[in-house]
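One-letter residues, chain by chain:
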Amino acid sequence: MKNIKVLGSGCTKCTKTAELIEKLATELGVEAMVQKETDVQVIMAYGVMRTPAVVIDEELVHSGSIPTQAEVTGWLQQ
């Protein structure tokens, strides 16, 4: 199972990012637990300066925008 965190303030972009990841994980049959993290201290601990950001299994893979469907699909299939 992949442990995925969407880091951000809870803004629309952060919500859409989490929804996209959940949708694609379901479509691809990938077990994933998606968490939204809004705590600024936690976000800063990952070195993130722009949100939304995506952390998969404790590795920062994206920050600063909503990821593309192709990017998310690639992460989920690794």
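As a starting point, this report considers the structure included with it. The numbers attached to residues start from 1 for each chain and follow its sequence in the written order. Local features are withheld for residues below a pLDDT of 70 in this predicted model, meaning they are given only at 70 or higher, and side-chain atom pairs are given and counted only at 80 or more; totals for whole chains, interfaces and linings count all residues. Here the side-chain values reflect all heavy atoms present in the structure, with hydrogen atoms and water set aside.

Moving on, we get to the pairing of strand 3 (residues 53-56). For every residue, the accessible area (1.4 Å probe, protein chains only) is compared with the maximum for its type, and the residue is labelled buried under 20%, exposed over 50%, or partly exposed between those bounds. Numbered from the N terminus, helices here are DSSP runs of H or I no shorter than four residues, and strands are runs of E no shorter than two. Residues of strand 3 alternate between two faces, with Ala53 and Val55 on one and Val54 and Ile56 on the opposite face, all of them buried. We call two strands paired when DSSP finds no fewer than two bridges between them. Both strand 1 (residues 2-7) and strand 3 contribute to a ladder of 4 bridges, which runs antiparallel. Residue Leu7 lies in a different strand from strand 3, and its bridge partner there is Ala53. Note that strand 3 and strand 4 (residues 59-63) share 4 bridges and pair antiparallel. Paired with Ile56 across the bridge in strand 4 is Glu59.

Moving on, we come to the nonpolar core. Side-chain atoms within 4.5 Å link the members of a nonpolar core, which is a set of buried Ala, Val, Leu, Ile, Met, Phe, Trp, Tyr and Cys residues. Grouped together as the largest cluster of nonpolar side chains are 13 residues, with contacts concentrated most on Ile4, Ile21, Val54, Val72 and Leu76. Elements that contribute at least two residues to this core include exactly strand 1, helix 1 (12-28), strand 3 and helix 3 (69-77). If one sorts the elements of this core by residue count, helix 1 sits on top with 6 residues. Each residue touching Val72, except ones within four places of it in the same chain, is listed here: Leu20, Ile21, Leu24 and Pro67. With 5 residues, the next largest nonpolar core counts Leu7, Val48, Ala53 and Val55 among its residues. Contacts: residue pairs with any heavy atoms within 4.5 Å of one another.

By themselves, these figures tell us nothing about what the structure is for.
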